[in-house]
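Secondary and tertiary structure notes
The residues making up each chain are set out below.
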Amino acid sequence: MSAFKSDFLRTLDERGFIHQNSDAEGLDALFRSETVTAYIGFDPTASSLHAGGLLQIMLLYWMQQTGHRPIALMGGGTGMVGDPSFKDEARKLMTPETITSNIAGIKSVFSNYLQFGDGPTDAMMVNNADWLMDINYVEFLRDVGRHFSVNRMLAFDSVKLRLEREQSLSFLEFNYMILQAYDFVELNKRYGCRLQMGGSDQWGNIINGIDLGHRMGCPQLYALTSPLLTTSSGAKMGKTASGAVWLNADLLSAYEFWQYWRNTEDADVTRFLKLYTTLPMDEIARLSALGGAEINEAKKVLATEITALLHGRAAADEAADTARKTFEEGAAADNLPSIAVPAAELEGGIGLLALFVRAGLAASNGEARRHIKGGAIKLNDVAISDDMTMVDAGHLDGNGVIKLSLGKKKHVLVRPN
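Residues numbered from 1 in each chain as written. Predicted model: local features only at pLDDT ≥ 70, side-chain atom pairs only at ≥ 80, totals over all residues. Heavy atoms only, no water.

1. Here we look at the pattern of salt bridges
Pairs may arise between side chains of opposite charge once their charged atoms sit close together. Put simply, the rule is: Should a side-chain nitrogen of Lys or Arg be within 4 Å of a carboxyl oxygen of Asp or Glu, the pair is scored as a salt bridge. Here a helix means four or more residues in a row that DSSP labels H or I, a strand means two or more in a row labelled E, and each is numbered from the N terminus. Buried means the residue's accessible area, taken with a 1.4 Å probe over protein chains only, is under 20% of the maximum for its type, while exposed means over 50%, and partly exposed covers the values in between.
One pass over the full model with this rule turns up 13 salt bridges. Residue R286 pairs with E283 through a salt bridge whose shortest N-O separation is 2.8 Å. With R286 and E283 both in helix α14 (residues 281–288), this residue pair falls three residues apart, about one helical turn. You can call R286 partly exposed: its relative accessible area is 45%. In this structure E283 comes out as partly exposed when scored by relative accessible area, which is 24%.

Here is the structure:
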């Protein structure tokens, strides 16, 4: 039974979101007494967030669902510097144009989880470039910088690790934690924001903001972090051997997103159902009790529910149906990932190894050859043992496509154009 009395913190606690908080009793009382505004910052390092950032979006989702106001802060200003936390080297600097473009791509995902508007619990999307880009540097040093102890900043784990490894930490990066702390203060002044949330690697930066707020006359501010997740086998969330699991549909299809979650390790099913779906806890308990081969049914529910939140229920059901037809009925479903190949090129014939590379199923001809030797490659559901196999128009099936398969779970259709 959760010790928290507020709906928000009780929900987070029972679903496993809470790693650290600065004042559990005070924060619980705050959430019980008023509509709380809280924020999470998102770095625009790419044109889309990946599945590793989904946990933070779900934190904002539950804030709004329990009657509070979430802020998604876009790092248009801090993105000019780059967060050095626990990085072995400096991030590559981005141009303002790249940052603006990345933010535009990232924004599209949030409306699937949050209701935006002007009401007291409607979500807000804010860009810290609005205040950081016009800062007078000398005034900022005098009014904000004087509150920071270099000795204390050097003691943060994220900084110590770089210095202990004798890896350079630039003055530019050193300023990042000051700017992030100032964001908290600015959001409090503008919107009455009282809580910053984030991954546990952000704990030191968030505490900096609380301390700065205290020194600059803000009311009591609070911190709450979620655990940094890896899969049970130690893999980083949101990453696969073939690349990032992007949230934007133009970078990763709903089917491929569904398949990522369908492949969840058995030991992670319950944890992911709690964190990434909105299913009631009693339904999660029922699914968690499934054992043996039935665990696969729980994985399908997990994949469908997560995909429905991001891509919509229709797309999630279609992805589940595509998987069923592909894996259970052996059909080449139309919604599988596909690549287009010029019809003239297909008429002349393409080496199977090269085609697998083009389809993204292998990084090189050598890797594809190793897969063939391991018996993992199929052409139109027929195992291939000859690495000199040529693929041509004669391999087109009745639907006018060629099906490439790597193992049991990775399939790509080749379509002539």
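2. Quick word on the packing of helix α12 (residues 254–262) against helix α15 (residues 295–311)
So the rule is basically this: Between the N-to-C directions of two axes lies an angle of 0 to 180 degrees, each axis being a line fitted to C-alpha atoms and, for a helix, fitted only over the stretch in contact. To sort the angles, those under 35 degrees are grouped as roughly parallel, those over 145 as roughly antiparallel, those from 65 to 115 as roughly perpendicular, and the leftovers as oblique. Left-handed describes a crossing whose near helix is turned anticlockwise from the far helix by less than a right angle; the clockwise case is right-handed. When checking whether two residues touch, look at their non-hydrogen atoms; a contact exists if any pair is within 4.5 Å.
Put simply, α12 and α15 touch, their axes get as near as 8 Å, and they point 140° apart. Of the possible angle classes, the one that applies to α12 and α15 is oblique. Here α12 and α15 pass one another in a crossing that is right-handed. Seen from α12, the contacting residues are A254, F257, W258, W261 and R262; seen from α15, they are N296, K299, K300, L302, A303, T304, I306, T307, L310 and H311.

3. A short note on the side chain of Q202
The condition is simple: Here a polar contact is taken to be a pair of N or O atoms separated by no more than 3.5 Å, where protein atoms must pair a possible hydrogen donor with a possible acceptor and residues adjacent in sequence count only if both atoms sit in side chains.
Along the polypeptide, Q202 turns up in the loop between β5 (195–199) and α11 (203–215). Among the residues examined, Q202 registers a relative accessible area of 13% and is labelled buried. Side-chain polar atoms of Q202 contact the side chain of N205, separated by 3.1 Å.

4. Re the packing of aromatic side chains
Convention followed: Stacked, tilted and edge-to-face pairs are distinguished by plane angle, under 30 degrees for stacked and over 60 for edge-to-face with tilted covering the rest, among Phe, Tyr and Trp rings (Trp via its six-membered ring) whose centres lie within 6.5 Å.
One pass over the structure, following the stated rule, counts 10 aromatic pairs. Here F140 and Y182 contribute two aromatic rings whose centre-to-centre distance is 5.2 Å and whose plane-to-plane angle is 90°, an arrangement assigned as edge-to-face. Taken together, the residues span a long stretch of sequence, with F140 in helix α6 (residues 137–143) and Y182 in helix α10 (residues 176–191) at a distance of 42 residues. Each member of the aromatic cluster is reached from another via a ring pair, and the members are F257, Y260, W261, F272 and Y276.

5. So, the sheet that holds strand β4 (residues 124–127)
Sheets are built from strands that pair by backbone hydrogen bonding, the pairs being arranged parallel or antiparallel. Note the cut-off: Pairing between strands is defined by DSSP: at least two bridges between them are needed.
Strand order in this open sheet of six strands is β1-β6-β5-β2-β3-β4, and the pairing throughout is mixed. The strands lining the two open edges of the sheet, one partner per strand, are β1 (20–21) and β4. Summarising the sheet, strand β2 (residues 37–42) and β5 pair through two bridges and their orientation is parallel. Counted as the bridge partner of Y39 is Q196 from β5. Sheet contacts for helix α2 (residues 24–33): β1, β5 and β6 (222–226); angle to β6, the most-contacted strand, approximately 100°.

6. Here we look at the environment of L310
Looking at the secondary structure, you find L310 in helix α15. When its relative accessible area of 4% is taken as the criterion, L310 is described as buried. Linking L310 and Y113, residues 197 residues apart in sequence, is a C-alpha distance of 7.4 Å. Once you skip the residues sitting within four places of it in the chain, L310 turns out to touch V109, N112, Y113, L247 and F257.

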